[in-house]
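# Structure at a glance
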Amino acid sequence: MADPAQHPGSRNQIVFGIVLALLAAIGFSAKAILVKLAYRHPVDAVTLLALRMSFSVPFFLAAALWSHHRDDAQSLELKDWGAILGLGFVGYYLSSLLDFLGLQYISAGLERLVLFLYPTIVLILSALFLNRPLGRQEMVAMGLSYAGIVLVFVHDFSGVHGSGMALGAGLVFASTLTYSIYLIGVGQVITRIGTIRFTSYAMTVASVATLMQFAFTHPMTAMHQPISVYTLGLSMAIISTVLPVFMLSASIRLIGSGQASLLGTIGPVSTIFMAQAFLGEVVSLLQAIGSVLVMAGVVLIGQSLHPKKP
């Protein structure tokens with residue numbers, strides 16, 4: 001099955017897909033701010049992740065039930081269930097776990113830089129396995145975006161040191177690779193299964209896996225946290241999990257996995273400005289220049305997605 005981006009829909013659909021991808025990227029990026037606020041309290045990463053998924057899973061279960069009882073819902077085949085289990089486990093649970101493990105060894109700045117290599121990996125995998133050649137404009141846009149990201153995070157490199165840096169970077173890169181595989185896989189099966197149905201089922205799988213991890217590694221007393229931690233966990237569930245997950249899935253269906261992932265490069269930029277607003281971090285000149293480059297890349301991507309006039 002061809003990448004959806006090879007068969008673009010109407011101009012309105014493409015614009016809507018771009019907007020959804022951008023909003024999803026901003027929502028996912030807000031997670032870093034919420035986590036930073038939560039870490040001001042004595043809560044560890046696994047507990048915080050379990051809280052996030054505990055608040056998220058009711059929404060996904062409700063969406064799964066709604067999609068299951070729709071009149072046009074088709075019976076899922078064995079390969080469909082395999083895709084749901086595999087992609088939910090790899091794309092959301094395993095990717096998150098590797099990311100959190102890597103953060104034990106490297107700075108958040110380096111982690112974000114490595115993590116946002118995923119658009120290039122998606123495009124390379126698409127070219128290798130989906131026979132989708134890379135266009136010149138996509139290459140230019142990707143170059144601008146990643147040059148901007150390097151500038152945005154270059155100041156973090158001076159603070160990165162320690163013997164575990166290579167291990168941490170490797171773990172985060174593995175997280176990036178697993179998420180890229182998810183994006184490629186979901187682009188192939190979401191049309192057959194349906195956006196809401198697939199996303200709700202896959203995220204339920206990831207939520208169950210996350211809660212099982214917590215149950216095997218933590219006592220239940222670890223859930224005794226201040227009200228503010230629960231509030232931040234709920235915010236992570238809605239703002240940075242439920243809404244962006246569905247928006248990203250819909251965007252992939254409208255504009256394709258490669259373009260949706262490229263638009264996600266706006267995420268680090270939005271994180272910087274949210275950090276300034278909510279955490280009091282100062283935006284440097286390099287970060288400002290990098291933000292301009294990333295936005296220029298996003299504009300080029302948007303232009304490449306518009307259908308050409310006959």
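Residues numbered from 1 in each chain as written. Predicted model: local features only at pLDDT ≥ 70, side-chain atom pairs only at ≥ 80, totals over all residues. Heavy atoms only, no water.

What follows concerns the nonpolar core. Tyr-182, Leu-183, Phe-198 and Leu-248 are the most contacted members of the largest nonpolar core, which has 50 residues in total. Within the second largest apolar cluster, 13 residues are counted, among which are Val-43, Ala-50, Leu-51 and Met-236. (Core = buried A, V, L, I, M, F, W, Y, C linked by side-chain atoms within 4.5 Å. Buried < 20%, exposed > 50% of the residue type's maximum accessible area, 1.4 Å probe, protein only.)

Over its 14 residues, helix α11 (residues 266-279) runs 19 Å from end to end, which matches the ideal 20 Å to within 8%, given 1.5 Å per residue. Listing the buried residues of α11 in full gives Ile-266, Gly-267, Pro-268, Val-269, Ser-270, Thr-271, Ile-272, Met-274, Ala-275 and Leu-279. Gly-280 occupies a position one or two residues after α11 and carries a positive phi of about 75 degrees. (Helix = DSSP H or I, 4+ residues; strand = E, 2+ residues; numbered from the N terminus. Expected span 1.5 Å × (residues − 1).)

On to the side chain of Arg-52, then. Counting through the fold element by element, Arg-52 comes out in helix α2 (residues 45-68). Its relative accessible area of 9% is what places Arg-52 among the buried residues. What Arg-52 contacts, discounting residues up to four positions off in sequence, is Lys-31, Gly-233, Met-236, Ala-237, Ser-240 and Thr-241. (Contact = heavy atoms within 4.5 Å.)

Summing up the model confidence of the protein chain, the mean pLDDT is 79 and the portion of residues at 70 or higher is 81%. When mean pLDDT is taken per element in the protein chain, helix α8 (residues 195-217) scores highest with 90 and helix α4 (residues 108-115) scores lowest with 66. Contacts of residues 1-8 to residues separated by more than four positions or lying in other chains number 21 contacts, the stretch itself having pLDDT below 50. Every residue in residues 306-310 is under pLDDT 50, and counting partners more than four places away or in other chains gives five contacts. (pLDDT = per-residue confidence, 0-100.)

If you want to describe how two helices pack, look at the angle between their axes and the distance between the axes. Taken N-terminus to C-terminus, the directions of helix α3 (residues 78-102) and α8 make an angle of 50 degrees; their axes are 8 Å apart at the nearest point. Classified by the angle between their axes, α3 and α8 sit oblique to one another. The handedness of the crossing between α3 and α8 comes out as right-handed. Where α3 abuts α8, its residues Trp-81, Ala-83, Ile-84, Leu-85, Leu-87, Gly-88, Phe-89, Tyr-92, Tyr-93 and Leu-97 lie against Phe-198, Tyr-201, Ala-202, Met-203, Val-205, Ala-206, Ala-209, Thr-210 and Gln-213. Taken together, the residues of the contact of α3 with α8 break down into 16 nonpolar, three polar and no charged. (Axes fitted to C-alpha atoms, helices over the stretch in contact; angles between N-to-C directions. Parallel < 35°, antiparallel > 145°, perpendicular 65-115°, else oblique. Left-handed = near helix turned anticlockwise from the far one by under 90°. Nonpolar A, V, L, I, M, F, W, Y, C, P; charged D, E, K, R; others polar.)

Between α2 and α8, the least distance of the axes is 7 Å, while the angle of their chain directions is 150 degrees. Here α2 runs over α8; the crossing is left-handed.

The topology assignment puts Thr-199 in helix α8. In this structure Thr-199 comes out as buried when scored by relative accessible area, which is 0%. For Thr-199, the contacting residues outside a window of four places in its chain are Phe-60, Val-245, Phe-246 and Ser-249.

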